[in-house]
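Structure at a glance
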Amino acid sequence: LAQDNFVAYTVSDFGWSSPMHSILRTPARHITRGRQARQSVDAFRHKSSFARCLPASGIALSRSHRFTRPFSTETHEFKAETKKLLDIVAKSLYTDKEVFIRELISNASDACEKLRFLQTTQQVKDVSDSERPLQVTLSVNESERKFVIEDSGIGMTHDELIEHLGTIAKSGSLDFLQRGESDASKIIGQFGVGFYSTFVVADKVEVYTKTADTEKGEKGYLWTSDGSGSFTITDCDDVPRGTKIELTLKDDATEFCKLATVKKAAQKFSSFIDFPIYVTEEGEPKPINKQEALWMKSSATEEQHLEFFRFLSGNSYGKPWYTLMYQTDAPLSIKSCFYIPDPDNAPSRMFTKDPEIGISLHSRRVMVKKHADGVIPKWLHWMKGIVDCEDMPMNISRESMQDTRLMEKLSMAVVRRILRFLQQEAKKDPEKYQKFFKGYSYFLKAGVIEDKEGNFSRHKDDLLKLLRFECSNKSKGELISLEEYIDMAKEGQQNIYYFTCPDRQTAMSSPYMEQFIQRQRNVILMFEDIDEFVVNAIEGFKDKEFVSVDSADKNFELDLDKPEEPENQDGRVLTEEEQTQMQKFIRDVLKEKVQEVKFSDRLVSSPAIVTSIITPHMRKMMKSLMAGKENDGLGNIPMTLELSPKHHIVTTLRTILKANEPVARIAVEQLYDNACIAAGTLDDPRVLMSRLNKVLEMFVYQGAGYDYAKGEYRISDSAEAAPKEEVKAEESKEANATSSSSGSSGSKFEEVKP
């Protein structure tokens, strides 16, 4: 075998670990012929000493491997496919360079966990350097561009070096689990590519290692590669138990030889590793993962939760308002811990356009995503906590999940648990929950809308049970749930009546509320701008429809609880003929402002209201959303003016239609504007100034003794307010004393429009 013609032979990777006598009986197609050798396959098979020179791992050997005796330094080439994969790993697999620190710490943690388990089960009886504690140490050398990570774990033998580091996607941790040699929750590695993330940042990688099992050997080794296609293994003395990886960093990755950068990345990804992690600062090791993984425990004390909450918040103050620990094995293995900050510290929604989610995603205590979007919805971004899922189908870079269906299942389970926890707390302590709701109500309401748009309203019922509102039958500041509203509703009531308005005082004095107050029928009062959109998103609750009290043409169930008819003081009610005349006159005055004028029984003490196909509040909201556009289209939405046929203003207005038409026109315009003011749809009240001045003038003239019917002043003996000259001047201006009754365009009370 020492002859050159035999050295030229290489053995292909057979893909299985069969005994050597089986390999020697392998058909000729598995033996590759070299350039110099021309020996037959049968002659090759008779060289039994060849079997003793092959490594047990089955890794392909290069032509440079000599089988006469082992050298202190061996050179191995990656196969062509392996070289391609290594290039992909180094250039394309990882999106963030700093991830290599997470991968190396995870590997180091696995190495320590393997040794701990093997010691506990007595599978390793004699441990090398037994006094050395299980830990991970990071250090840097900025002048030499060095990054070093060292663990005191299981270490590797010569063959294990070749098997694990010479084969990409060969996961020693996964093999360890498949042999049933550890608890799956404590082992992090899965894919066998984490180590090769070092080539993302390093020109050269050196691995010093020594196995912990003295029965497997006492010798240490140095594995070296630049990632270009080969690696070397050299015998090395004075190597302590475990593995030490030394990286010579590339020019574009020198930030990782800075202590602050390394420390920050280690704390970001690996704060909850089971074993101590130290960073060497000024020659002294300093721990960086003092905080334990609280969510992995079945329970914790209030002090532990307080410390953990402050750790997650990055503050040294504050207490969580609510605390939830959630662990389950179905539908996925989930361990989690959630905190809701004090509602007094609830985030402002005004300056947060795209908030970052405060819950991070972990797998086996190692952070996968700092902000768990995709699992936690945006409307819960204000919560703090950690979700740890062992069953996450992660992609090979461990930076995101692969299976979106399982990701949706994880999200569904976690969000549903949070919402139902809040329901339980609301029943347990309503007063405490009301304070929480006042701080976070906007986000829960936004959740109703976003859940419908992006999640098919999967959490709709749970969210609606958390909403709280004031109502007309309760005192100011007292909140009720939708379920409580239904319990308080009158027998046979099929609708949930609501009113969106700026505040309670405005609501209770609104003409739209008159019939409900008269009937003592409860109405939900909604004061936030988002409420109207919430109602449109949910449509109903428990088979009951939401009906706005200021909507048009809705069934208000007026026959449900008929009130006692109040006495009509003047006894005047417009006949159908008079109503028809009034409708025609008002349409002629208001023209395109209204689509319809009708008389209604819904009014009690107000003369008129305006209604539309969209509620007045929604119209106002749309107006503000479309501000700045030349034509927002809202002016084309038809309005309906509803009048009370019993109101004394309306009945009196009917009597002056012919007697004093200019005054009647001004009255109709003002009646419509008053209704718009009550509805909150009047865009700019300054347009009313000219008409209000005319109305003011009318009162002043009446106070001065002006007779509208005759068009002249009535002067009494005691009237000294107006000089005779002024009276005459006014009389001369009103020479046409009967112009009021004739409706001429020169009337004193006709509004002059610019």
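Described in the following lines is the structure provided in the data block. What you see is a predicted model; the values in this text were computed from it and never measured.

Attention now moves to the pattern of salt bridges. Per the counting criterion, the structure on display carries 36 salt bridges. The partner of Asp252 in a salt bridge is Lys97, with the nearest N and O atoms 3.3 Å apart. Taken together, the residues Asp252 in the loop between strand S9 (242-249) and helix H9 (259-270) and Lys97 in the loop between helix H5 (80-93) and helix H6 (99-120) connect sequence positions 155 residues apart. Asp252 sits in the partly exposed class, given a relative accessible area of 48%. Residue Arg691 is joined to Asp673 by a salt bridge in which the shortest nitrogen-to-oxygen separation is 2.2 Å. Of this pair, Arg691 sits in helix H22 (residues 689-703) while Asp673 sits in helix H21 (residues 661-679), and the two are 18 residues apart along the sequence.

Alternating residues of strand S22 (residues 596-599) divide into Val597 and Phe599, all buried, and Glu596 and Lys598, none buried. In this sheet, strand S24 (residues 639-643) lies alongside S22 in parallel orientation, the contact comprising four bridges. Its bridge partner lying in S24, Glu596 is registered against Thr640.

What follows concerns the packing of aromatic side chains. Counting across every chain of the model gives 28 aromatic pairs. Relative to Phe546, the ring of Tyr498 lies with its centre 6.2 Å away and its plane at 65 degrees, an arrangement referred to as edge-to-face. In this pair, Tyr498 is assigned in strand S18 (residues 495-500) and Phe546 in strand S21 (residues 544-548), connecting sequence segments 48 residues apart. Phe546 sits in the buried class, given a relative accessible area of 8%. Members of the aromatic cluster, joined through ring pairs, are Tyr322, Trp382, Phe421, Tyr433, Phe436, Phe437, Tyr440, Tyr442 and Phe443. The ring of Tyr208 is capped by Lys244, whose NZ or CZ atom sits 5.7 Å from the centre of that ring. The ring of Trp321 carries Lys432 above its face, with NZ or CZ at 5.5 Å from the centroid.

Attention now goes to the nonpolar core. Ranked by size, the top nonpolar core spans 101 residues in total, and within it Phe338, Leu410, Tyr433, Phe436, Phe499, Val610 and Leu641 carry the most contacts. It is helix H11 (residues 404-428) that contributes the most residues to this core, ten residues altogether.

Take the pairing of strand S12 (residues 320-328) next. Of the strand pairs in this sheet, S12 and strand S13 (residues 334-341) are connected by eight bridges, and their pairing is antiparallel. Within S13, the position partnered with Thr328 by the bridge is Ile334. As consecutive antiparallel partners, S12 and S13 are separated by five residues.

The next point concerns helix H17 (residues 531-538). Burial analysis of H17 places six of its eight residues in the buried class, the great majority of the element. Of the positions making up H17, those classed as buried are Asp531, Glu532, Val534, Val535, Ala537 and Ile538. Directly beyond the C-terminal end of H17, a positive phi value near 65 degrees is found at Glu539.

The next subject is helix H20 (residues 648-655). Along H20, the residues that are buried comprise Val650, Thr651, Leu653 and Arg654. One side of H20 carries all its buried residues, which in axial view fall inside an arc of 155 degrees. On the buried face of H20, the contacting elements are helix H18 (576-590), S22 and H21.

Across the junction of Ala330 and Pro331, the peptide omega takes the value 5 degrees, indicating a cis bond. Topologically, Pro331 is positioned in the loop between S12 and S13. For Glu557, which is not a glycine, the phi torsion comes out positive at approximately 50 degrees. Structurally, Glu557 can be placed in the loop between S21 and H18. Taking relative accessible area as the criterion, Glu557 reaches 11% and is therefore assigned buried.

Parameters and conventions
Residues numbered from 1 in each chain as written. Predicted model: local features only at pLDDT ≥ 70, side-chain atom pairs only at ≥ 80, totals over all residues. Heavy atoms only, no water. Salt bridge = Lys/Arg side-chain N within 4 Å of Asp/Glu carboxyl O. Helix = DSSP H or I, 4+ residues; strand = E, 2+ residues; numbered from the N terminus. Buried < 20%, exposed > 50% of the residue type's maximum accessible area, 1.4 Å probe, protein only. Pairing = 2+ DSSP bridges. Phe/Tyr/Trp six-rings, centres within 6.5 Å; stacked < 30°, edge-to-face > 60°. Lys NZ or Arg CZ within 6 Å of the ring centre and 35° of its normal. Core = buried A, V, L, I, M, F, W, Y, C linked by side-chain atoms within 4.5 Å. Arc of directions from axis to C-beta. Contact = heavy atoms within 4.5 Å.

Shape is all these values report; function is a separate question.
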